[in-house]
Amino acid sequence: MRVVRNVAEMRALASERRRRGQAIGFVPTMGCLHEGHLSLVRLAGTRAPWVVVSIFVNPTQFGLGEDFEIYPRDLDRDCQLLEAEECDLAFAPTIPEMYTEGHRTSVSVGELSEKLCGRSRPGHFDGVTTVVLKLFNIIQPDVAVFGEKDAQQLVIIRRMVEDLNLAVEIVGAPTVRDPDGLAVSSRNRDLSPEAREHATCLFRALRRGEELFKAGERQADRMIGEMRLIVDAKPAVETDYVSVVDPVTLEDLDTIRGEALVAIAARVGGTRLIDNVRLSIGE
Ligand code: AMP
């Protein structure tokens, strides 16, 4: 597996593939890879013969006081993990390579970026869409895979691709969970054993929402009330939101009539965690 650190070389290798008529699969990550990321790489491998994984802790998507400085980084370990997968190239650019002197442009998908996590992380999604568009322009992938765990991110990326006529297919991959239900995340390693145990209430709350839905509940406020009982029972869990929203517009729903995204965000022992499930009438 090749490791590329600069934009010009990445661009040249990708256009070489395109000239040969080979489709390019792409998985953007911030490194510190885990089973969730690797499942995306495997999915990309089923969709394209040449797979690029980017590893870049993007400074513009971290707000003031967030964990940019301490976000875990281990490129050697990441490359070892990728070697064992269907990854052909790891693109790990430096910050000056991605944000050259005088960089000013930012891409914003408007109000979608201000809902849910956007309320407590202003500017976060603009940082994400800007770096993802830059990576798409450098690599020009045919297909890019994103995790459903970051549901709002996936909604926003799909919107950007549609709005800007980008020639890339966006594929969502199911959330990988630990046996106790906790969604695998690079940030889970910051949890103490006790906080980790408390953190499982996020998934338990979502499962409760799902159970109620399966039993015929369609009123969002009643579902949210029941889910809140589960997270609020843990004083160490500081809930940011428990929401039932339209999975395309992210608008709050009063009544579920078709599809819904049930999303939750909370701080557990100082670590911000998110999770979600999709509900669909007729499934
Ligand atoms: P990150 O490195 O956190 O930016 O994540 C890179 C990609 O991996 C994103 O598309 C995430 O949604 C996805 N991802 C992270 N955790 C998981 C998980 N537990 N299951 C599936 N995908 C995930």
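Residues numbered from 1 in each chain as written. Predicted model: local features only at pLDDT ≥ 70, side-chain atom pairs only at ≥ 80, totals over all residues. Heavy atoms only, no water.

### Focus on the pattern of salt bridges
Here is the rule: Should a side-chain nitrogen of Lys or Arg be within 4 Å of a carboxyl oxygen of Asp or Glu, the pair is scored as a salt bridge. For helices the rule is a DSSP run of H or I covering at least 4 residues; for strands it is a run of E covering at least 2, with both sets numbered from the N terminus onward. Each residue gets one of three labels from its accessible area relative to the maximum for its type: buried under 20%, exposed over 50%, partly exposed in between, using a 1.4 Å probe on protein chains only.
By the definition in use, this model includes 20 salt bridges. Close ionic contact of Asp 78 with Arg 77 constitutes a salt bridge, the shortest N to O distance being 3.8 Å. For Asp 275, the salt bridge goes to Arg 177, with nearest N and O atoms at 2.8 Å. Of this pair, Asp 275 sits in strand S9 (residues 271–280) while Arg 177 sits in the loop between strand S6 (169–173) and helix H8 (193–214); the two residues are 98 residues apart in sequence, bridging distant segments of the chain. With a relative accessible area of 3%, Asp 275 lands in the buried category. Because the salt bridges share partners, they merge into one network encompassing Glu 16, Arg 19 and Arg 20.

### Quick notes on the domain arrangement of the protein chain
Note the following rule: Note: domain ranges come from an automatic or database domain assignment. Residue contacts follow a heavy-atom distance rule, with two residues in contact if any of their heavy atoms lie within 4.5 Å. A 1.4 Å probe defines the accessible area here, and the buried area is the portion of it lost by two parts on being joined, summed over both. Within 3.5 Å is the distance limit for a polar contact, defined as a pair of N or O atoms, with the added protein rule that one can donate a hydrogen and the other accept it, and that residues adjacent in sequence qualify only through two side-chain atoms.
As far as domains go, the protein chain holds domain 1 (2–173) and domain 2 (186–276). Summarising the inter-unit geometry, the C-alpha centres of domain 1 and domain 2 are found 26 Å apart. On the side of domain 2, 16 residues touch domain 1, which itself brings 21 residues to the contact. Around 1700 Å² of area is buried between domain 1 and domain 2 when both sides are counted, 54% of it from carbon and sulfur atoms. Remark: the boundary between domain 1 and domain 2 carries two salt bridges. Our count for the domain 1 to domain 2 interface comes out at seven residue pairs in polar contact (both at pLDDT 80 or more).

### Some thoughts on the packing of aromatic side chains
Condition: Classification of ring pairs rests on two measures: the distance between centres of Phe, Tyr or Trp rings, Trp counted by its six-membered ring, which must be within 6.5 Å, and the angle between planes, read as stacked under 30 degrees, edge-to-face over 60 and tilted in between.
What the rule picks out here adds up to five aromatic pairs. Judged by centre distance (6.3 Å) and plane angle (35°), the rings of Phe 56 and Tyr 99 are tilted. Of this pair, Phe 56 sits in the loop between strand S3 (50–55) and helix H3 (75–83) while Tyr 99 sits in the loop between helix H4 (95–98) and helix H5 (117–120); the two residues are 43 residues apart in sequence, bridging distant segments of the chain. For Phe 56, a relative accessible area of 5% gives the class buried. By the ring-pair criterion, three or more aromatic residues cluster together here, those being Phe 26, Phe 136 and Phe 146.

### Some thoughts on the sheet that holds S6
Hydrogen bonds along the backbone pair up the strands of a sheet, which may run parallel or antiparallel. For the record, the criterion: Strand pairing is defined by DSSP finding a minimum of two bridges between the two strands. Orientation is described by lines fitted to C-alpha atoms, with helices fitted over the stretch in contact, and by angles between N-to-C directions that extend from 0 to 180 degrees.
Taken in spatial order, the six strands make up an open sheet running S1-S4-S3-S2-S5-S6, and their pairing is parallel. Each edge of the sheet is formed by a strand with only one pairing partner; in this case those strands are strand S1 (2–4) and S6. For this sheet the average axis-to-axis angle between neighbouring strands, irrespective of direction, equals 25°. Taken strand by strand, helix H6 (residues 124–139) contacts strand S2 (24–29), S3, strand S4 (89–91), strand S5 (143–147) and S6, and its axis lies near 150° from that of S2.

### Thoughts on the state of the cysteines
Note the threshold: In this description, a disulfide is simply a cysteine sulfur pair whose atoms lie within 2.5 Å.
A full pass over the atoms with the stated rule returns zero disulfides. Here Cys 201 stays free of any disulfide, with the sulfur of Cys 117 as its closest cysteine sulfur at 16 Å.

### Describing the sheet that holds S9
Across the sheet, which stays open at both edges, the three strands sit in the order S7-S8-S9 with antiparallel pairing between neighbours. Pairing within the sheet leaves two strands with one partner each, and these edge strands are strand S7 (237–245) and S9. On average, each strand axis in the sheet is inclined to that of its neighbour by 10°, with strand direction left out of account. Each of S7, strand S8 (259–268) and S9 is contacted by helix H9 (residues 220–232), which is oriented at about 160° to S7, the strand it contacts most.

### Regarding the environment of Thr 94
Relative to the helices and strands, Thr 94 is located in the loop between S4 and H4. On the basis of relative accessibility, which here comes to 31%, the residue Thr 94 falls in the partly exposed class. Considered as a pair, Thr 94 and Arg 5 are 89 residues apart in the sequence and their alpha carbons are 6.6 Å apart.

### Thoughts on the environment of Ile 170
Among the structural elements, Ile 170 can be located in strand S6. What makes Ile 170 buried here is its relative accessible area of 11%. For the pair formed by Ile 170 and Val 145, sequence separation is 25 residues and the distance between their alpha carbons is 6.0 Å. Sequence-distant contacts of Ile 170, defined by excluding residues within four places in its chain, comprise Phe 136, Ala 144, Phe 146, Leu 154, Ile 157, Arg 158 and Val 161.

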